[in-house]
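# Structure assessment
Each chain, letter by letter, is given below.
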Amino acid sequence: MAVHRGPRKSADEKAAEATRHTSIRAHALEATASVDAQSADGAIDVEKIADHLGAEIVFGDLDGAKARVVQIGDRARIIISKKIVGVGAIRFCIAHEIGHLVLKHYAQGDALGRAFKRQRTCSPLTSDGTEIERDACVFATECLMPAPLAGPMCQVAPISFDPVRAIASAFATSLQASAMRFVELTSERCAVVYMQRGRVLWAKKSAGLQAWIPDGRAVAPNSAASDYFDDGHLEASRVLPASTWFPRDTHAKDASVYEHMTAIPEQAAAFSLLWLPTT
Ligand SMILES: [Zn+2]
């Protein structure tokens, strides 16, 4: 679920990244197809994929909301922190670690060809700038919510939060991961904005949304997000003047932005799904 917040990339770097991500997504779809891991109810059976890769999944005492993958020869162990809350979050962590195994993120130094032990500790549920971590999140997202299935569910106007709930329910994913996937696949003008302590930490925008959402800006006092930071409400929906979230852009006089806020109390955070209808 990592969102890159490092220095701006050049056009060449962006193109190289897009090519790499396309290949990662193909690997994810292949990993699912090769073991027939799509269960009858739609959710992807990540345990089955792990098993096929010789990876055992255990729950352990890792510091914080973390996950780890340990590889010894051709066997592997995926360790998920007992502190991670929610089936969706646990599944995302498992799929992320599977991504490291499938993408051979240990290939460097493998030239000796002997049994070796390597491990990687990750925080898949927080934003992290390293390329390998982001790649494993791209893998996890495609693995859990494959574009051929999730794509059609995203071609709707999110006038309510229902399209995101439908994705979360179909694929047994968290609401945040589902909202981010919605923004990735929709042709509507949307964004997921993640906030902590009343400020924007990062925003992920759909391809069609050009408006600027600066990191660090304070949550507007009348926004749905303010219901959490001011009053502790866990969920809120609002239709607001577009300028509430996009003050620097020019809008038609009556342009509106739809906002649905979901709190993540265990992170003292909240995220909002924004939708700016095309006028
Ligand atoms: Zn990782």
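Residues numbered from 1 in each chain as written. Predicted model: local features only at pLDDT ≥ 70, side-chain atom pairs only at ≥ 80, totals over all residues.

What follows is about the environment of Asp 45. If you trace the backbone, Asp 45 turns up in the loop between helix H1 (11–34) and helix H2 (46–52). Judged by C-beta crowding, with 16 C-beta atoms within 10 Å, Asp 45 ranks as partly exposed. Residues Asp 45 and Pro 241, spaced 196 residues apart in sequence, show a C-alpha to C-alpha distance of 42 Å. When neighbours within four sequence positions are excluded, Asp 45 is seen to be in contact with Ala 37 and Ser 39. (Helix = DSSP H or I, 4+ residues; strand = E, 2+ residues; numbered from the N terminus. Buried ≥ 20, exposed ≤ 12 C-beta atoms within 10 Å, placed from the backbone. Contact = placed C-beta atoms within 7 Å.)

What follows covers the domain arrangement of the protein chain. The domains assigned to the protein chain are domain 1 (11–144) and domain 2 (150–275). Opposite the 13 residues of domain 1 that make contact, domain 2 presents ten residues. Where the side of domain 1 that touches domain 2 is concerned, the elements lending two or more residues are helix H3 (87–102) and helix H4 (131–144). Broken down by element, the residue count for the side of domain 1 that touches domain 2 peaks at five residues, all from H3. In terms of residue class, the side of domain 1 that touches domain 2 is made up of seven nonpolar, five polar and one charged. (Domains from an automatic or database assignment. Nonpolar A, V, L, I, M, F, W, Y, C, P; charged D, E, K, R; others polar.)

Spatial strand order, E6-E5-E9-E8-E7: five strands in an open sheet with antiparallel pairing. The open sheet is flanked by strand E6 (199–205) and strand E7 (235–241), the only strands paired with a single partner. On average, each strand axis in the sheet is inclined to that of its neighbour by 20 degrees, with strand direction left out of account. Those strands touched by helix H7 (residues 175–185) are strand E5 (190–196), E6, strand E8 (256–264) and strand E9 (269–275), and its axis lies near 145 degrees from that of E5. (Pairing = 2+ DSSP bridges. Axes fitted to C-alpha atoms, helices over the stretch in contact; angles between N-to-C directions.)

Now for the nonpolar core. Core analysis: the biggest nonpolar cluster contains 75 residues, and Ile 78, Ile 94, Ile 98, Cys 143, Ala 179, Val 192 and Leu 274 have the highest contact counts within it. The two domains that each donate at least three residues to this core are domain 1 (11–144) and domain 2 (150–275). Ignoring sequence-local partners within four residues, the contact set of Ile 98 consists of Ala 31, Val 46, Ile 49, Ala 50, Leu 53, Ala 55 and Cys 143. (Core = buried A, V, L, I, M, F, W, Y, C linked by C-beta atoms within 7 Å.)

All of the buried residues along helix H6 (residues 162–171) are Pro 163, Val 164, Ile 167, Ala 168 and Phe 171. Taken down its axis, H6 places every buried residue within 140 degrees of arc, on the same side. The inward-facing, buried residues of H6 contact H3, H4, helix H5 (147–150), H7 and E9. Of the residues flanking the end of H6, it is Ala 172, one or two places downstream, whose phi is positive at about 50 degrees. (Arc of directions from axis to C-beta.)

So, about the packing of H1 against H4. Packing of H1 against H4 leaves a shortest axis separation of 8 Å and a crossing angle of 45 degrees. Judged by the inter-axis angle, H1 sits oblique to H4. The way H1 lies across H4 gives a crossing that is right-handed. Along its contact with H1, which presents Arg 20, His 21, Ile 24, Arg 25, His 27, Ala 28, Leu 29, Ala 31 and Thr 32, the element H4 presents Asp 135, Val 138, Phe 139, Glu 142 and Cys 143. Along the lines of polarity and charge, the residues of the contact of H1 with H4 split into seven nonpolar, three polar and four charged. (Parallel < 35°, antiparallel > 145°, perpendicular 65-115°, else oblique. Left-handed = near helix turned anticlockwise from the far one by under 90°.)

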